[in-house]
Amino acid sequence: MAIQFILCFNKQGVVRLVRWFDICQVDSQKPQDMIVQIYRLISSRDHKHQSNFVEFSDSTKLVYKRYAGLYFVMGIDLQDEEPIYLSHIHLFVEVLDAFFGNVCELDIVFSFYRAYMVMDEMFIGGEVQEISKEVLLERLSILDRLN
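Parameters and conventions
- The numbering scheme is per chain: residues are counted from 1 as the chain's sequence reads.
- Local features in a predicted model are, by the rule used here, given only for residues with pLDDT of at least 70; side-chain atom pairs are given and counted only at 80 or more, and totals for whole chains, interfaces and linings are based on all residues.
- To get the side-chain values, take all heavy atoms of the structure and skip hydrogens and water.
- Whether two strands pair comes down to DSSP finding at least two bridges between them.
- Here a strand is any run of E in DSSP of at least two residues, a helix any run of H or I of at least four, and the numbering for each starts at the N terminus.
- Here a polar contact is recorded for every N or O atom pair within 3.5 Å, except that within protein the pair must consist of a potential hydrogen donor and a potential acceptor, and residues adjacent in sequence are included only if both atoms are side-chain atoms.
- In what follows, salt bridge is the name for a side-chain nitrogen of Lys or Arg lying within 4 Å of a carboxyl oxygen of Asp or Glu.
- We call a residue buried when its accessible area falls under 20% of the maximum for its residue type, exposed when it is over 50%, and partly exposed in between, using a 1.4 Å probe and counting protein chains only.

Moving on: the pairing of strand 2 (residues 15–20). Note that strand 1 (residues 3–10) and strand 2 share five bridges and pair antiparallel. Across the sheet, the residue bridging to Phe9 is Val15, located in strand 2. Between strand 1 and strand 2, which pair antiparallel and follow one another directly, the connecting turn spans four residues, one of which, Gly13, has a positive phi of 90°.

Here we take up the side chain of Thr60. With respect to the secondary-structure elements, Thr60 resides in the loop between strand 3 (53–55) and strand 4 (61–67). In this structure the side chain of Thr60 is engaged in a polar contact, spanning 2.7 Å, whose partner is the side chain of Gln4.

This next bit is on the pattern of salt bridges. In this structure the tally under the stated criterion is six salt bridges. The residue Asp120 makes a salt bridge to Arg19 at a minimum N-O spacing of 2.7 Å. Taken together, the residues Asp120 in helix 4 (residues 112–122) and Arg19 in strand 2 connect sequence positions 101 residues apart. In this structure Arg19 comes out as partly exposed when scored by relative accessible area, which is 24%. The salt bridge involving Glu82 is made with Lys61; its shortest N-O contact spans 3.0 Å. With Glu82 in helix 2 (residues 82–100) and Lys61 in strand 4, this pair connects stretches of sequence that are 21 residues apart. One network of salt bridges, with partners in common, ties together Glu121, Glu130 and Arg139.

Next comes the structure, spelled out in structure tokens:
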């Protein structure tokens, strides 16, 4: 049970955040080609009538959610439970929102190091490390004060 990668891109397909945890699972493709395929697959789906889960390859399933103009995508193993990872995406966005104070795409663009700090505090090595929003925000405020 592991996360292979986390992506965040806008509606035009411009990548805002990316973290590869298990590069061996990325098959023989270049990561950039994989991102293009993921964007094409997700952006073409009907978000009102289709689920937020889709098989991507013979070893990877995509779990994604669109918030405003950003897609948050996790690549997970085929046997993993999708709703768990959908809730982790939602928690990640909630923590970003609380940490930045009503987060938007520009916050992620201009303070990308803070967004990666949030990601690194939640996910380490493809595993979820913390699921308490309060604990995460407390740790992040301590780390933010160090800057």
